[in-house]
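# Residue-level structure breakdown
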Amino acid sequence: MTELPLAGITVVSVEQAVAAPFATRQLADLGARVIKVERPGEGDFARRYDTTVHGESSYFVWLNRSKESLTLDLRSARGRDVLEQLLAGADVFVQNLAPGAAARLGLDAASLRERHPSLIPCTITGYGSAGPWADRKAYDLLVQCQTGLVSLTGNEHGAARAGVSVADIAAGMYAYSGVLTALFTRATRGVARAVEVSLFEALAEWMSQPALYTAHGGTQPPRIGTRHATIAPYGAFGAADGKDVLLSIQNEREWAALCERFLERPDLVDDPRFATGPDRVAHRDAIDAIVAERFRALDSREVSELLDAAGIANAGVNTVEEFLAHPVLRERGRWRDVQVPGAVVPALLPPVDLDGVDPRMDAVPALGEHTERILAALGRSAADIAALRADGVV
């Protein structure tokens, strides 16, 4: 097996919740050593979001495999001394502390670069480390609201949040790619650059298409459930057996195939109401009524088979339980066992496959599991470690 690409890279992370842990877990997947700094006795508060995975939080299990957990009280001078020792030998420092906390601890990017010129600091904030909202707290749903995403989700009966933490995930992905870019820049140009990502600006990027549509079209895309604001027919329809199937028509060729081979209505191909994409959107209700009537005459298996035969993209509207048993994940071998405290659970492989590289899928750490080993490696004596523990520093 090829050595993992980030073997030899050390990441120290003062992280919590989703965004920063997602970024650092992906670094760990590729072989980086990730030392997760947590509060003594409390840890990352995502540990307590739920207890569904053999007593562990589903969020924490997802985001924290292959890391080492070090408990450290950063409010104490002795705790900060330990962190400084770690940073002296680290390549990357990631933090998503509350607004202003990093600067008070001397862990802001400017301070770190003065003390550790080769270190790559990565800061994840809510609305940016500077600017009018720098001091505001930001959680995923708040950012979904502020970017206007919630005004697009749901249906005519009301708004809905996206069902997963999309702002956190977006920020974590951009932080991850930013750190990789900074590591490459340091390796090729000898310059360590700081990385900063905000939840708001990460999700703002994802909102670019509806922003352009609104700015130049005079109105924002409507909230229409599983349908698409600018494409028709596109959406979920109920089959005779009660299961919904979603179909998507992207162009005139697919529209003709749908009419001729699925709807059995070749007369619709040349109907001027449906000649182009914008025409079909303008007459969406008429199209949807025709499609819905055809669906009601077939069960979901028949719908999918006929759409497949016509070359029309379609998907059953799965439950999470159905997703867990999805044949693509099973037959492509995307599940791997991961150790959590007291149990083993299946986890998905990272979605990017690198030829010859088997990603690391090590255990999810218990709180402070690696504290003594990390401190000993820093040269701390057993007596010193015992004193730090007795005083609540670790």
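Residues numbered from 1 in each chain as written. Predicted model: local features only at pLDDT ≥ 70, side-chain atom pairs only at ≥ 80, totals over all residues. Heavy atoms only, no water.

### Some details on the overall build of the chain
A tally of helices and strands in the chain yields 17 helices and eleven strands. Considering only C-alpha atoms, the chain reaches an extent of 85 × 45 × 40 Å along its principal axes. Within the span of the chain, comprising 394 residues, buried residues form 46% of the whole. Here the analysis covers contacts within the chain between residues at least 6 apart in sequence; of these, 67% occur between residues at least 24 apart. (Helix = DSSP H or I, 4+ residues; strand = E, 2+ residues; numbered from the N terminus. Buried < 20%, exposed > 50% of the residue type's maximum accessible area, 1.4 Å probe, protein only. Contact = heavy atoms within 4.5 Å.)

### Remarks on the side chain of Glu254
Tracing the backbone through its elements, the reader meets Glu254 in helix α10 (residues 252-262). Summary of buried charges: Glu254 has no salt-bridge partner, and the nearest side chain of opposite charge, Arg253, is 4.3 Å away. Leave out the neighbours within four places in its chain, and Glu254 touches Ser248, Ile249, Gly311 and Ile312. (Lys, Arg positive; Asp, Glu negative; His and termini not counted. Salt bridge = Lys/Arg side-chain N within 4 Å of Asp/Glu carboxyl O.)

### With respect to unusual backbone geometry
Omega for the peptide link from Ala232 to Pro233 comes to -5 degrees, which places this bond in the cis form. A positive phi is found at His54, a non-glycine position, where the angle reads about 50 degrees. Structurally, the position occupied by His54 is in the loop between β2 (33-38) and α2 (58-63). Phi angles above zero are rare outside glycine, and Ser66 is one such case at about 65 degrees. Within the secondary structure, Ser66 is located in the loop between α2 and β3 (67-71). Residue Ser66 is classed as buried on the basis of its relative accessible area of 7%.

### Some thoughts on the sheet that holds strand β7 (residues 234-238)
Across the sheet, which stays open at both edges, the three strands sit in the order β7-β8-β9 with antiparallel pairing between neighbours. Of all strands in the sheet, those bounded by a partner on one side alone are β7 and β9 (313-316). Taking the axes of each pair of neighbouring strands and ignoring which way they run, one obtains an average angle of 25 degrees across the sheet. Relative to β9, strand β8 (residues 244-248) runs antiparallel, the two sharing four bridges. Within β9, the position partnered with Leu247 by the bridge is Asn314. (Pairing = 2+ DSSP bridges. Axes fitted to C-alpha atoms, helices over the stretch in contact; angles between N-to-C directions.)

### Focus on the packing of helix α1 (residues 19-29) against helix α7 (residues 166-189)
Running from N to C, α1 and α7 cross one another at 45 degrees; their axes reach a closest spacing of 7 Å. In terms of their interaxial angle, α1 and α7 are classed as oblique. Classified by chirality, the crossing of α7 by α1 is right-handed. Between α1, through Ala19, Phe22, Ala23, Gln26 and Leu27, and α7, the contact on the second element is made entirely by Asp168, Ile169, Ala171, Gly172, Met173, Ala175, Tyr176, Val179 and Leu180. (Parallel < 35°, antiparallel > 145°, perpendicular 65-115°, else oblique. Left-handed = near helix turned anticlockwise from the far one by under 90°.)

### Some remarks on the sheet that holds strand β1 (residues 10-14)
Judged by pairing direction, the sheet is parallel, and its six strands sit side by side in the order β3-β2-β1-β4-β5-β6 without closing on themselves. Both outer strands of the open sheet, β3 and β6 (195-198), are each paired with one neighbouring strand and no more. Strand-to-strand twist of the sheet, defined as the mean angle between neighbouring strand axes without regard to direction, takes the value 20 degrees. The pairing of strand β5 (residues 120-125) with β6 spans four bridges and is classified as parallel. Paired with Thr123 across the two strands is Glu196, which belongs to β6. Helix α8 (residues 199-206) contacts β5 and β6 of the sheet and is inclined by roughly 70 degrees relative to β6.

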